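What follows is each chain in one-letter form.
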Amino acid sequence: MTSSTSLSAHLLSIHHDGSKRYVLSSADTDLHLGDEVTIRLRAAVDAPIERILLRTCPDGEQFFAEMQIENSGNSSACNWWQAKLRLSMPLTSYRFLLFTKDGIWWYNGSGLHRHVPTDAEDFRLLADYAAPVWVRDSVFYQIFPDRFWDGDPASNVHNGEFEYQGLQSRSLGWGEKQSGWPEAMVEFYGGDLPGVEQRLDYLTDLGVNAIYFNPIFTAYSNHRYDVVDYYNVDPHLGGDSALTSLRLATAERGMRFIVDIVPNHCGVEHPWFKSALQDPNAPTADYFNFHQHPDEYESWLGVRSLPKLNYRSQNLRDTVYAGPNAIFRYWLKAPYAVDGWRVDVANMLARHGKDQLEAEVWAGIRQAVKEENPSAYLLGENFFDSSQQLQGDRLDASMNYFGFANPIGYWLNCFEVNQHAEPRNVKSKVTWSTQALVDSWQASRAAIPWVIARQQFNLLGSHDTPRFINVLDHDQARNRLAVAFLLTYLGVPCIYYGDEIGMTGRDALEARNCMIWDSTQWDASLRAFYQTLIKLRRTSPALIDGGFQVLLAEENLLAYLRDTDEEQIIVIGNRGPAAHPAGLLSVEHGAISNGTIFQELFTGQTSTVMNGNLPLPELSAGVQIWQTV
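In what follows, the accompanying structure is described. Here the structure is a predicted model, which means the values were calculated and not measured. Along each chain, residue indices are assigned from 1 in the same order as the chain's sequence is written. Where totals are concerned, whole chains, interfaces and linings use all residues; where local detail is concerned, this predicted model gives features only for residues with pLDDT of at least 70, and gives and counts side-chain atom pairs only at 80 or more. Just so you know, side-chain values use all the structure's heavy atoms and leave hydrogens and water out.

Put simply, a salt bridge is a Lys or Arg side-chain nitrogen that is within 4 Å of an Asp or Glu carboxyl oxygen. One pass over the structure, following the stated rule, counts 36 salt bridges. Linking K20 and D545 is a salt bridge whose minimum nitrogen-to-oxygen distance equals 3.5 Å. Residue K20 is found in the loop between α1 (9-12) and β1 (23-25), and its partner D545 is found in helix α15 (residues 541-545); the two are separated by 525 residues along the sequence. When a residue's accessible area, from a 1.4 Å probe over protein chains only, is under 20% of the maximum for its type it is buried; when over 50% it is exposed; and in between it is partly exposed. By relative accessible area, which is 34% here, K20 ends up partly exposed. Judged by its relative accessible area of 23%, D545 is partly exposed. Helix and strand assignments come from DSSP, with helices taken as H or I runs of at least 4 residues and strands as E runs of at least 2, each series counted from the N terminus.

Below, the structure is given as structure tokens:
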């Protein structure tokens, strides 16, 4: 990857992405086979470019098309080069070959290159892809059901109601301190779906319009990833009728929701597994991998309470996704009509040693889900590189730890890696550079089609991580900077419940503490900050449909542009600790015309572009967001 610091200003002005300024469709809708699109590339008017070719590879054979400069009238901000492209394949990849006075350059999703790149980071267009269009202007809110609000105390778990893994269930008062692991697994606070319904006005006031629920199906633990019945909502959460009621209440508010599903493993108390343990010839015995029946079987990461499901079994496939009333299909239908699925450990599904069945299983899951609801959002959990699952034939998105949250954490705190075995946590004391953040983001975008990148599920933390404010050692300025990135970066933002009021948690266990409803304990200023950004994210054309370009990457400063024909937004983040002095931000390479007026979101201050620069006031550690007026 070519560092932006080593390029001339002319080369910095070269830009293309998959947004609608750069890929024009006559129908202005999602793309279909046979469509002709116009591919556009932007460059400075005085860039020393002599010729540009658009390189594609239809049916595996390289093809170059000549690009022409558009007649832009009196505009002097940039030149637009264009060429027509007919979509003859479900996935079309392309890049650009530029002839300049100092030789040729290749330009693809990872930037400018002197060498001939492989096709791996070409720009990509998907045709006839069933996109969940509704997520594009959505802001999600993640809810861990047992910890949000107790709406029906009559359904609460009682002390000693059941024993699980040698532990007696316990009922705790709202906000009471949890025990440590494993006792905490069977401690319940009474949060349920009626409680969520009772608090929908809070979510509406915050501004979010979509919910991601951790598992809601019947299980013995409070996290419910050890499901024992995929066809019933846990009675302690209100049962199926509570989900039906919640569906109606959210629909009245124009709110969507998706639900966690666990197809990789089930709970050890699931009837499927209990039957298989008792009888090696049971109908569900081939749902599992027994090395030596009944004592040795495959489980998720060796956790024996979570036996791994075996997708060599056609009966299992029929039950989980292929059959007419399969689990993946069942809950997408009325009266529940969930709007999509978050698939637990999606990176591990249908993978076990020599049996790497993920491609065919994911194809089947996607087919089933989209047959029931073409606009359903199919989201997968993956802490790592999920690009192979994000090419349009498997997932619609992944939980974007790898391509968004982790790089921000590395930049604002320190680089670290974690795993379920020793060494469990490895950190570096060396400060992570801003360019490393930029390059990590760009590498992840370059590996997937733009239509997927714009619906990636961005987050800062979840039920599996410490609260992000704890990651930052309670640095409020850096926390607000991270929140601003979350709500202005390319993709779909998700807020973990309570982050908006300043809830803390040193680890995943504390991150699951009960939601605080006493508003005197809230960080009201932080919540107002969230509300402002959520409103911007849901109403701004540049944030909903816009492109993405980095304008500046310095030691502690990052500035990027989100742009459409209607609007331009510049986000400037300073990680500190020192303030960045007042000065000029070069925006000429973002094709922003002289005379363009910007207004800062939080202060209302205005500034006008002059001589290709935007004058900026001093920026303390934190963020400024400038929007055209």
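After that view, the rundown keeps rolling.
Right, let's get into the side chain of S155. Following the sequence through the fold, S155 ends up in the loop between β11 (140-143) and β12 (163-164). As used in this structure description, the phrase polar contact means that two N or O atoms lie within 3.5 Å; if the pair is within protein, one of them must be able to donate a hydrogen and the other to accept it, and residues adjacent in sequence are counted only when both atoms belong to side chains. Looking at S155, its side chain comes within polar contact range of the main-chain oxygen of D152, at 2.9 Å.

So, on to the packing of helix α13 (residues 476-488) against helix α14 (residues 524-539). Orientation is described by lines fitted to C-alpha atoms, with helices fitted over the stretch in contact, and by angles between N-to-C directions that extend from 0 to 180 degrees. At their nearest, the axes of α13 and α14 sit 9 Å apart, and the two run at 20° to each other. Classified by the interaxial angle, the pair formed by α13 and α14 is roughly parallel. Handedness of the crossing formed by α13 with α14: right-handed. Across the interface between the two elements, N479, R480, V483, A484 and L487 from α13 touch S525, L526, F529, Y530, L533, I534 and R537 from α14. Looking at the contact of α13 with α14 residue by residue, the class counts come to eight nonpolar, two polar and two charged. By the definition adopted for this analysis, an angle is roughly parallel if under 35 degrees, roughly antiparallel if over 145, roughly perpendicular if from 65 to 115, and oblique otherwise. Each crossing is labelled by how the near helix is turned from the far one, with a counterclockwise turn of less than a right angle marking it left-handed and a clockwise turn marking it right-handed. The contact definition used throughout considers only heavy atoms, calling two residues in contact when any of these lie within 4.5 Å. Each residue receives one of three labels: charged for Asp, Glu, Lys and Arg, nonpolar for Ala, Val, Leu, Ile, Met, Phe, Trp, Tyr, Cys and Pro, and polar for the others, Gly being one of them.

On to the packing of aromatic side chains, then. For any pair of aromatic rings, the description rests on two quantities: the centre-to-centre distance and the angle between the ring planes. Stacked, edge-to-face and tilted are the three classes for Phe, Tyr and Trp ring pairs, Trp counted by its six-membered ring, which pair at centre distances within 6.5 Å; planes under 30 degrees apart are stacked, over 60 edge-to-face, the rest tilted. A full pass over the atoms with the stated rule returns 52 aromatic pairs. With centroids separated by 6.4 Å and ring planes inclined at 45°, the aromatic side chains of F64 and W106 adopt a geometry described as tilted. With F64 in strand β4 (residues 63-66) and W106 in strand β8 (residues 103-108), this residue pair connects regions lying 42 residues apart in the sequence. On the accessibility criterion, W106 (6% relative accessible area) is buried. Ring geometry for W441 and Y560: centres 6.1 Å apart, planes at 75°, overall edge-to-face. A residue pair is termed long-range when its members are at least 10 positions apart, and W441 in helix α10 (residues 434-446) and Y560 in strand β34 (residues 557-563) qualify at 119 residues. For the pair W441 and Y560, a shared accessibility class is recorded, and that class is buried. An aromatic cluster of three or more residues is present, and its members are Y141, F148, W149, W174, Y189, Y202, W517 and W522.

Everything listed here is a matter of geometry and, on its own, says nothing about what the molecule does.
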